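# Structural description and commentary
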Amino acid sequence: ALSLQRDLYEGFSREDFQAALGSLRAKHAPGSRQFNVERQKLFLTVQSEVLPRHGFQGSPKGVFQMMDALNAFNYSEEFQQLGFALSQLLGLVDSPPPGAEAAAAEEAQEEVREAEEERAPAADVEVTVRHAVREEEVQLTLPSTATMRGVREALAAKLGRPEVLERGRLVRRAGGALTSFKDAEPLGARRSILLVGVDDLQPAAGAAHALTREQALSLQRDLGAGFSAEGFQGKLSELQRLHGTASGKFKAERQKLALSVQREVLPRYGFEGSARGVLDMMQAFAPFNADEEFQAYGAWLEQLIRREAPPPEAEAAPDGPAEPAAAEAPQGAAAAAGE
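Since we're looking at a predicted model, the values are computed, not measured.

### A look at the overall build of the chain
Helix and strand content of the chain: 15 helices and five strands. For the chain, the proportion of its 339 residues judged to be buried stands at 44%. Long-range pairs, those at least 24 residues apart, make up 66% of the contacts in the chain with a sequence separation of at least 6.

### Quick notes on the pattern of salt bridges
Evaluation of the coordinates by the stated rule reveals 19 salt bridges. With a shortest N-O distance of 3.3 Å, Arg 14 and Asp 16 are connected by a salt bridge. Its relative accessible area of 34% is what places Arg 14 among the partly exposed residues. Classification of Asp 16 as partly exposed rests on a relative accessible area of 49%. Connected through salt bridges with shared partners, the residues Arg 149, Arg 152, Glu 153 and Asp 183 form a single ionic network.

### What to know about helix α11 (residues 248-265)
With 18 residues, α11 extends 26 Å from end C-alpha to end C-alpha; this agrees with the ideal 26 Å at 1.5 Å per step. Along its length, α11 reaches its greatest deviation from straightness, about 30°, at Leu 259.

### Observations concerning the side chain of Arg 152
In this structure, Arg 152 sits in helix α7 (residues 148-159). Here Arg 152 falls in the buried class, since its relative accessible area comes to 7%. Leave out the neighbours within four places in its chain, and Arg 152 touches Val 164, Leu 165, Gly 168, Arg 169, Leu 170 and Asp 183.

### Observations concerning the environment of Leu 266
Structurally, the position occupied by Leu 266 is in the loop between α11 and α12 (275-285). Residues Leu 266 and Met 281 lie 15 residues apart in sequence; the distance between their C-alpha atoms is 7.9 Å. If sequence neighbours within four positions are ignored, Leu 266 has contacts with Leu 223, Phe 271, Glu 272, Gly 277, Val 278 and Met 281.

### Observations regarding the environment of Ala 123
For Ala 123, the position within the fold is in the loop between α6 (100-119) and β1 (124-131). If we skip the residues at most four places from it in the chain, Ala 123 touches Leu 142, Pro 143 and Ser 144.

### A short note on the packing of aromatic side chains
Each pair of aromatic rings is reported with the distance of its centres and the angle of its planes. Inspection of the entire model under this criterion finds seven aromatic pairs. Their ring planes at 25° and their centres at 6.3 Å tell us that Phe 17 and Phe 43 sit as a pair that is stacked. On the criterion of sequence distance, the pair formed by Phe 17 in helix α2 (residues 15-27) and Phe 43 in helix α3 (residues 33-50) is long-range, its members being 26 residues apart. The exposure class of Phe 17 is buried, given its relative accessible area of 3%. Residues Phe 227 and Phe 232 carry aromatic rings whose centres are separated by 5.1 Å and whose planes lie at 40° to one another, so their mutual orientation is tilted. In this pair, the class of Phe 227 matches that of Phe 232, namely buried. Members of the aromatic cluster, joined through ring pairs, are Phe 12, Phe 17 and Phe 43.

### A look at the pairing of strand β2 (residues 137-143)
Counting buried positions along β2 yields five of seven residues, so the element is predominantly enclosed. Both β1 and β2 contribute to a ladder of seven bridges, which runs antiparallel. By the bridge assignment for β2, Thr 128 is matched with Gln 139. Between the antiparallel neighbours β1 and β2 lie five residues.

### A few points about the layout of surface pockets
Taken as a whole, the second largest pocket spans an internal volume of roughly 760 Å³. Looking at the second largest pocket, it is lined by 23 residues, and the ones nearest its centre are Arg 33, Val 37, Lys 41, Glu 135 and Glu 264. Every element with two or more residues in the lining of the second largest pocket is listed here: α3, α4 (60-70), α9 (213-227) and α11. Considering each element in turn, the lining of the second largest pocket owes the most residues, seven residues, to α3.

Quick notes on the rules
Residues numbered from 1 in each chain as written. Predicted model: local features only at pLDDT ≥ 70, side-chain atom pairs only at ≥ 80, totals over all residues. Heavy atoms only, no water. Helix = DSSP H or I, 4+ residues; strand = E, 2+ residues; numbered from the N terminus. Buried < 20%, exposed > 50% of the residue type's maximum accessible area, 1.4 Å probe, protein only. Contact = heavy atoms within 4.5 Å. Salt bridge = Lys/Arg side-chain N within 4 Å of Asp/Glu carboxyl O. Expected span 1.5 Å × (residues − 1). Bend = angle between axes of the 7 residues up to and from the residue. Phe/Tyr/Trp six-rings, centres within 6.5 Å; stacked < 30°, edge-to-face > 60°. Pairing = 2+ DSSP bridges. 1 Å grid on protein atoms, 1.4 Å probe; cavity = no way out; pocket = protein on both sides within 12 Å on 5 of 7 lines; lining within 4 Å. Points joined across faces, edges and corners; volume = space filled by probe spheres on them.

In C-alpha cells form, the structure reads like this:
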C-alpha cells in the first residue's frame with residue numbers, strides 16, 4: 001500500500017502533470033462539475049500507469065478497487081501521512097493534517113450537532129448519497145433520526161438492489177483516506193455522504209425510479225442548460241438545414257442529438273444515460289404533469305428543442321423561464337426526452 005502511494009506521488013509530481021492540473025484550474029472553476037470531471041480524467045493518466053503494477057486495472061473500476069483495498073490501512077500513521085501528502089499535491093486539501101486536538105474538537109462539534117438533532121422533533125430531510133468514484137448520486141428523503149444503516153437500507157430499496165445493503169459502505173474522508181461509518185452511527189447533520197463497495201448507483205433493471213418535485217425541476221433545469229448550449233443549438237440548426245423540421249429523418253436525428261445531453265445529465269439523477277434511461281425519466285416525471293412550474297419548464301425545453309422563439313421572460317432568465325405560461329398539455333416529460 002505504501003509503495004503504491006509512493007508510485008502515485010511520483011507520477012502526480014511530474015512537471016507535465018502539475019502543468020496540466022494548473023491549466024485545468026485556470027480553465028474551469030475549482031469545485032465545478034466540469035472541473036471535477038476533467039480532473040478525474042487527468043488523475044487517471046497517472047493511475048492507469050501505476051495501478052497495473054500493483055494488481056489493479058488501469059481504469060476507473062481499478063481506482064475504485066484500489067480505494068477499497070487501501071481502506072484496510074487507515075490505522076497506519078505512515079499511510080495517513082502519505083495519503084495527506086498526496087491530497088496536498090493534488091490540491092485536495094489546503095491546510096496541514098489535523099492533530100489530535102483538532103480532531104477532538106471536530107468530533108465534539110459533531111456530537112453537539114447530533115445532540116441538537118436528537119432534541120429537535122424528527123423531520124424528513126433530503127440526503128445525497130454520492131458514489132466515491134463515479135459521477136453518480138442519489139437523493140433520499142429520510143427522517144433526521146436515521147442511522148447510517150438506515151441510509152443504506154433506503155438506498156438499497158430505492159435502487160432495488162439488495163447488494164447495496166450487503167456490500168455498500170458509507171464513508172467519509174479523513175487525512176486523505178476513506179473511513180467507514182458504523183451502522184449505528186446517526187445521520188446527524190450530514191446531508192451528503194460517500195458510498196463505496198458497489199460498482200455504480202444505477203437502479204436495478206425494472207426497478208421503479210422515483211423523483212421528488214425538487215429533483216424533477218432540477219433535472220429539467222440541467223437538461224435546459226445542455227439544450228441551450230451554443231454547440232447543441234448549432235448542431236440543431238444544421239439538422240434543420242439538412243432535413244427540414246417535418247421529416248422523419250430530422251426527428252430521428254434530433255432525438256440522437258438530445259441524447260448527447262441526456263447521457264451526461266441523467267446519471268446524476270440515478271437514470272441510465274441511454275434511451276432506456278430517457279424512458280425511465282419520462283415515467284418518473286408522470287406524477288408532476290399537473291404541476292404548473294414543471295409544465296412551465298417543460299414549455300421552455302420544448303422551445304429549445306423545437307427552435308421556436310423563446311418568450312421574453314425566458315430571454316431575461318437564462319436559467320429557465322421566469323414567468324412562462326403553463327403548457328396546454330403535459331409536455332414536460334416529452335420535451336425533456338427530446339421529442
